[in-house]
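Here are the chains, one letter per residue:
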Amino acid sequence: MDTDRWRLTHLVREVARNVLNARSRPALLLFLAVIFGVGGIGYAAAESHALANQLAAEQAAGRNIISFGALDPNEPVLIDRASCDQLTEIAGVTRAGLVQLATSRDFLQLGTNVPVLAASQTLFPALRDGVVLVGSALRPPAATDFTLATTEGTLMQARVNHAEPTGLNTNSVVVVPLTPGTTSTSACIAVLDQRADASLLTPILTARLHTAGGQIVAQPASSPAIDPVKAYLSRPGQYVPLILGLVGGLATGLVNRSRTSELAAYRLSGTSARSSALLLGLETALIAGVTATSAVAAILALHDRIQTPLATACIALAGAATWWLTGILATIDIPFRNAISLAKDR
Amino acid sequence: MRLSIEEVGLRYGKVDVLTGFSARFEDHTLTALTGPSGSGKTTLLAAMAGYLQPSSGTIRLYSDEGQPSPPTPALVAWVPQGSNALSGRTALDNVLLGALSSGRTMTDAVAVATAALERVGVAHRAGAAAKTLSGGELQRVAFARALASDKPIIFADEPTANLDADSTDQLAHVLEALRSTRLLVVATHDPILIEAAQTAVSLRPEHHGH
């Protein structure tokens with residue numbers, strides 16, 4: 001086996017000069033590496049944006065809102081207030097609390113016979129500010145709180161609530177806090193995180209509720225046929241960086257095959273096949289490193305637009321590894337070929 | 001160091017390129033390996049460099065102490081036909097390959113490479129990209145690379161094949177200047193290079209063994 005005495009630092013210098021050289025063929029790969037690195041993440045961001053839009057639409061339609069109530073209307077159930085309010089302590093639950101349709105009242109600003117709903121502050125956190133919440137369908141949104149007056153002359157501080165999704169059904173009612181003495185009602189509502197798996201969480205939440213009377217049942221406000229989060233997590237598009245890595249590796253192989261004359265210059269002037277292979281391996285690693293760096297930079301720039309940045313980064317790094325490995329496999333025979341046939345192969 | 005060939009046969013595929021060929025190549029001598037196209041000059045050079053195994057006979061390198069050993073590419077710098085160069089890199093970078101592959105420090109390698117470029121007459125083009133050099137300049141850069149590699153043997157395969165008359169003349173002068181430095185063999189059928197050589201070995205069948 002032929003040997004040489006290349007120093008590793010000098011070989012690394014050769015790698016840098018061959019790749020980071022605008023006049024060299026590997027420079028084309030460097031350009032491709034940046035495009036693929038950023039492009040793969042741009043594609044992931046576009047997919048995340050589509051998911052965010054879909055989730056927003058489904059959220060408005062009641063996605064991941066679970067109502068707990070009596071299984072049989074003839075067997076009323078009472079749900080313990082503390083157990084319902086404490087559902088917020090479970091990971092994946094955004095807010096939860098009891099609701100009770102109290103009555104209807106006449107308001108000077110809203111008209112007559114307006115339904116009034118009593119609810120936990122854990123379900124409507126704005127209630128903690130000492131205000132009542134006016135449904136968004138009852139009054140245009142306002143920047144400041146206002147004084148709401150009943151026809152009997154009772155005054156209360158009020159705030160126009162933001163539009164609530166289907167399932168909470170409070171856009172046409174006035175929401176007031178449950179009285180401290182209310183320890184149970186017949187209904188509990190939990191709003192789950194949009195990325196949570198409702199089918200997994202619902203039995204857990206049901207088990208945490210303390211009830212008296214009949215049996216309770218959990219009713220989702222909306223039951224789409226396809227869970228967009230599951231569809232997103234299993235989408236083939238997430239593997240685009242791997243495909244780009246494969247294409248990049250094959251392109252590396254093609255470019256290196258067009259450089260046999262250059263490799264012959266190394267081999268015929270004393271560079272061993274092993275050092276030539278190391279040179280090509282390091283060149284490919286540098287190019288794959290550039291695609292990985294580009295992808296990570298794109299993730300950092302777009303992190304708030306990507307649903308799963310860590311997983312996306314992992315796949316991008318796997319794409320870079322695919323580039324390196326494919327590039328090596330597509331190239332590895334070249335340095336071990338007869339140096340004279342390499343010189344003729346141009 | 002000298003190189004001895006005894007009754008060597010070479011085969012290219014199933015075709016016998018050479019049979020029963022013997023010759024000696026002396027150190028510090030420029031030898032022209034002559035013969036018409038297809039006579040097996042490149043194949044014989046490849047076998048002499050250890051890139052090919054002869055189908056019969058023996059090829060041996062003898063050290064200055066007379067110790068025999070089989071030929072190995074590790075001892076040979078090869079100047080190929082045409083221009084094998086790192087086209088996007090400078091002439092100096094190309095010559096540095098030879099010096100760096102023999103383990104020199106960068107400072108030392110630059111000094112050796114610069115001296116080699118001066119020796120072949122293209123030092124003024126050291127900073128030029130190889131792709132901007134003429135065919136003759138590239139061929140001289142290839143010789144400089146071989147010189148800088150410190151290999152005791154230099155083989156050149158048809159170095160003037162793609163050169164015009166002026167470039168061939170210039171290269172012949174370079175070879176004349178180098179002929180006492182190494183065991184230098186040039187495969188050629190160019191009369192100018194043959195004239196520049198101190199001895200010639202012919203691959204014409206009637207000349208085998210001379």
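Rules used throughout
- Residues numbered from 1 in each chain as written.
- Chains lettered and ligands numbered in written order.
- Predicted model: local features only at pLDDT ≥ 70, side-chain atom pairs only at ≥ 80, totals over all residues.
- Heavy atoms only, no water.
- Helix = DSSP H or I, 4+ residues; strand = E, 2+ residues; numbered from the N terminus.
- Rg over C-alpha atoms; globule rule 2.2 N^0.38 Å.
- Buried < 20%, exposed > 50% of the residue type's maximum accessible area, 1.4 Å probe, protein only.
- Contact = heavy atoms within 4.5 Å.
- Areas by Shrake-Rupley, 256 points an atom, 1.4 Å probe, with all protein chains shown as cover.
- Lys, Arg positive; Asp, Glu negative; His and termini not counted.
- Charge placed at Lys NZ, Arg CZ, Asp CG, Glu CD.
- Pairing = 2+ DSSP bridges.
- Buried area = accessible area lost by both parts, 1.4 Å probe.
- Salt bridge = Lys/Arg side-chain N within 4 Å of Asp/Glu carboxyl O.
- Axes fitted to C-alpha atoms, helices over the stretch in contact; angles between N-to-C directions.
- Parallel < 35°, antiparallel > 145°, perpendicular 65-115°, else oblique.
- Left-handed = near helix turned anticlockwise from the far one by under 90°.
- Nonpolar A, V, L, I, M, F, W, Y, C, P; charged D, E, K, R; others polar.
- Phe/Tyr/Trp six-rings, centres within 6.5 Å; stacked < 30°, edge-to-face > 60°.
- Disulfide = S-S within 2.5 Å.

Novice: How would you explain the overall build of chain A if you had to name every residue and give the values?
Specialist: From N to C terminus, chain A includes 10 helices and 12 strands. Against the 2.2 N^0.38 benchmark of 20 Å for 346 residues, chain A shows a C-alpha radius of gyration of 32 Å, more extended than a compact globule. With respect to the three principal axes, the spread of C-alpha positions in chain A is 100 × 45 × 30 Å. Counting across all 346 residues of chain A, residues that qualify as buried make up 49%. In chain A, the share of contacts with a sequence separation of at least 24, taken over all contacts with a separation of at least 6, comes to 78%. Carbon together with sulfur atoms contributes 62% to the accessible area of chain A, which is approximately 16300 Å² in total. Charged side chains in chain A number 25 positive and 23 negative. The centres of these two groups are separated by 17 Å.

Novice: Report on the sheet that holds strand E5 (residues 68-69) of chain B, specifying residues and quantitative values.
Specialist: Residue and element names in this part refer to chain B. Across the sheet, four strands lie side by side as E2-E1-E4-E5; this open sheet has antiparallel pairing. Because the sheet does not close on itself, it has two edges, and the strands there are strand E2 (15-25) and E5. With six bridges joining them, strand E1 (residues 2-12) and strand E4 (residues 56-62) adopt antiparallel strand pairing. Looking at E4, one finds that Gly 9 is bridged to Ser 56.

Novice: Quick one: what's the story with unusual backbone geometry, residue by residue and with numbers?
Specialist: Residue and element names in this part refer to chain A. With a phi angle near 65°, Asn 64 is a residue other than glycine that sits in the positive phi range. Within the secondary structure, Asn 64 is located in the loop between helix H2 (26-60) and strand E1 (65-70). On the basis of relative accessibility, which here comes to 7%, the residue Asn 64 falls in the buried class. Although it is not a glycine, Asn 113 sits at a positive phi angle of roughly 55°.

Novice: Any details on the interface of chain B and chain A? Residues and values, ideally.
Specialist: With 34 residues of chain B in contact, the opposing surface of chain A contributes 28 residues. Considering only the surface of chain B that becomes buried against chain A, B:Tyr51, B:Asn84 and B:Arg89 emerge as the three largest contributors, covering 22% of it. Summed over the shared surface of chain B and chain A, the result is three salt bridges. Residue B:Arg89 is joined to A:Glu14 by a salt bridge in which the shortest nitrogen-to-oxygen separation is 3.0 Å.

Novice: Can you explain the packing of helix H1 (residues 8-19) of chain A against helix H2 (residues 91-100) of chain B? Please cite residues and give values.
Specialist: One way to put it is that H1(A) packs onto H2(B) with a least axis distance of 12 Å and a crossing angle of 160°. Viewed along their axes, H1(A) and H2(B) adopt a mutual orientation that is roughly antiparallel. Where H1(A) crosses over H2(B), the two elements pack in a sense that is left-handed. Seen from H1(A), the contacting residues are A:His10, A:Arg13, A:Glu14 and A:Arg17; seen from H2(B), they are B:Asp93, B:Leu96, B:Leu97 and B:Leu100. Residue composition of the contact of H1(A) with H2(B), grouped by class: three nonpolar, one polar and four charged.

Novice: I'd like a description of the packing of aromatic side chains, backed by residues and values.
Specialist: Counted according to the given criterion, the structure contains four aromatic pairs over all chains. Judged by centre distance (6.0 Å) and plane angle (65°), the rings of A:Phe36 and A:Trp323 are edge-to-face. With a gap of 287 residues between them, A:Phe36 in helix H2 and A:Trp323 in helix H9 (residues 309-329) connect regions that are remote in the sequence. Residue A:Phe36 shares its accessibility class with A:Trp323, and that shared class is buried. Summarising the aromatic geometry, the rings of B:Trp78 and B:Phe155 are spaced 6.3 Å apart at their centres and angled 75° between planes, so their arrangement reads as edge-to-face. Of this pair, B:Trp78 sits in strand E6 (residues 76-79) while B:Phe155 sits in strand E7 (residues 153-157), placing them 77 residues apart in sequence. Both residues of the pair, B:Trp78 and B:Phe155, count as buried. Every member of this aromatic cluster is reached through a ring pair, and the members are B:Tyr51, B:Trp78 and B:Phe155.

Novice: For the state of the cysteines, give the residues involved together with the corresponding values.
Specialist: All names here are of chain A. A full pass over the atoms with the stated rule returns one disulfide over all chains. Disulfide pairing places Cys 84 opposite Cys 188 at an S-S distance of 2.0 Å. Negative torsions about the S-S bond denote left-handed disulfides, and the value of about 85° found for Cys 84 with Cys 188 makes this one right-handed. Here Cys 188 lies in strand E10 (residues 187-192) and Cys 84 lies in helix H3 (residues 81-85), a separation of 104 residues in the sequence.

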